[in-house]
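What follows is each chain in one-letter form.
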Amino acid sequence: MTSETVILAPAPPRAIVTPCVKVCAVDGLTGVCLGCRRTLPEIAGWSKLSDEERAAIMAALPLRPDPMASLMAGQV
């Protein structure tokens, strides 16, 4: 009778939900990303936030002013 040790590979990390649309350009006036409407501190700390904190930010994003509007307002 032999004993076998089964080694399981670790599960891959769980994907983090993000509003990123791969359009990373921050409006200097507002400090908001033109693609996802997050602030630089939100973007930088995204992976460290809890699921609840990320969900709260994502729920607030559609309510934030459109950063493109402030850029376009300056153009004639």
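Within each chain, residues carry numbers counting from 1 in the order of the written sequence. Whole-chain, interface and lining totals are the exception, using all residues; otherwise, since this is a predicted model, local features are given only for residues with pLDDT of at least 70 and side-chain atom pairs are given and counted only at 80 or more. With hydrogens and water stripped out, all remaining heavy atoms of the structure feed into the side-chain values.

(A) The pattern of salt bridges, seen in detail. Salt bridges are defined by distance alone: a side-chain nitrogen of Lys or Arg within 4 Å of a carboxyl oxygen of Asp or Glu. Taken as a whole and judged by the stated rule, the model has three salt bridges. The shortest N-O distance in the salt bridge between Glu 42 and Arg 64 comes to 2.7 Å. You can see Glu 42 sitting in helix H1 (residues 40-45) and its partner Arg 64 sitting in the loop between helix H2 (51-60) and helix H3 (67-73), a full 22 residues away along the chain. Burial status follows relative accessibility: with a 1.4 Å probe on protein chains alone, a residue under 20% of its type maximum counts as buried, one over 50% as exposed, and anything between as partly exposed. When its relative accessible area of 15% is taken as the criterion, Glu 42 is described as buried. For the salt bridge of Asp 51 with Arg 54, the shortest nitrogen-to-oxygen distance reads 2.4 Å. Pair noted here: Asp 51 and Arg 54 are both in helix H2, with a separation of three residues, about one helical turn. Its relative accessible area of 37% is what places Asp 51 among the partly exposed residues. A run of H or I in DSSP counts as a helix once it spans at least four residues, and a run of E counts as a strand once it spans at least two, with each numbered from the N terminus.

(B) A look at the side chain of Arg 38. Locating Arg 38 in the fold gives a position in the segment before H1. Residues scored as charged are limited to Lys and Arg (positive) and Asp and Glu (negative), so that His and the chain ends carry no count. In this structure Arg 38 is buried but unpaired, with Glu 42 as the nearest side chain of opposite charge at 5.9 Å.

(C) Expanded view of a nonpolar patch on the surface. For patches, a residue must show more than 30% relative accessible area and have no salt bridge; joins then use 9 Å for like charges and 5 Å for nonpolar side chains, namely Val, Leu, Ile, Met, Phe, Trp and Tyr. Per-residue and other accessible areas were derived by the Shrake-Rupley procedure at a 1.4 Å probe size, with only the shown protein chains allowed to occlude residues. A surface patch of nonpolar side chains, about 220 Å² in accessible area, is lined by Val 26, Leu 40 and Ile 43. Within the fold, Ile 43 resides in helix H1. According to the relative accessible area criterion, Ile 43 is partly exposed, its value standing at 31%.

(D) Examining the state of the cysteines more closely. Here, a disulfide means two cysteine sulfur atoms that sit within 2.5 Å of each other. Enumeration over the complete set of coordinates arrives at zero disulfides. Looking at Cys 20, it has no disulfide partner, and the nearest cysteine sulfur is the one in Cys 24, 4.5 Å off. In this structure Cys 20 comes out as partly exposed when scored by relative accessible area, which is 25%. In this structure Cys 36 is not part of a disulfide, and its nearest cysteine sulfur, from Cys 33, lies 3.8 Å away. The buried category is assigned to Cys 36, whose relative accessible area is 8%.

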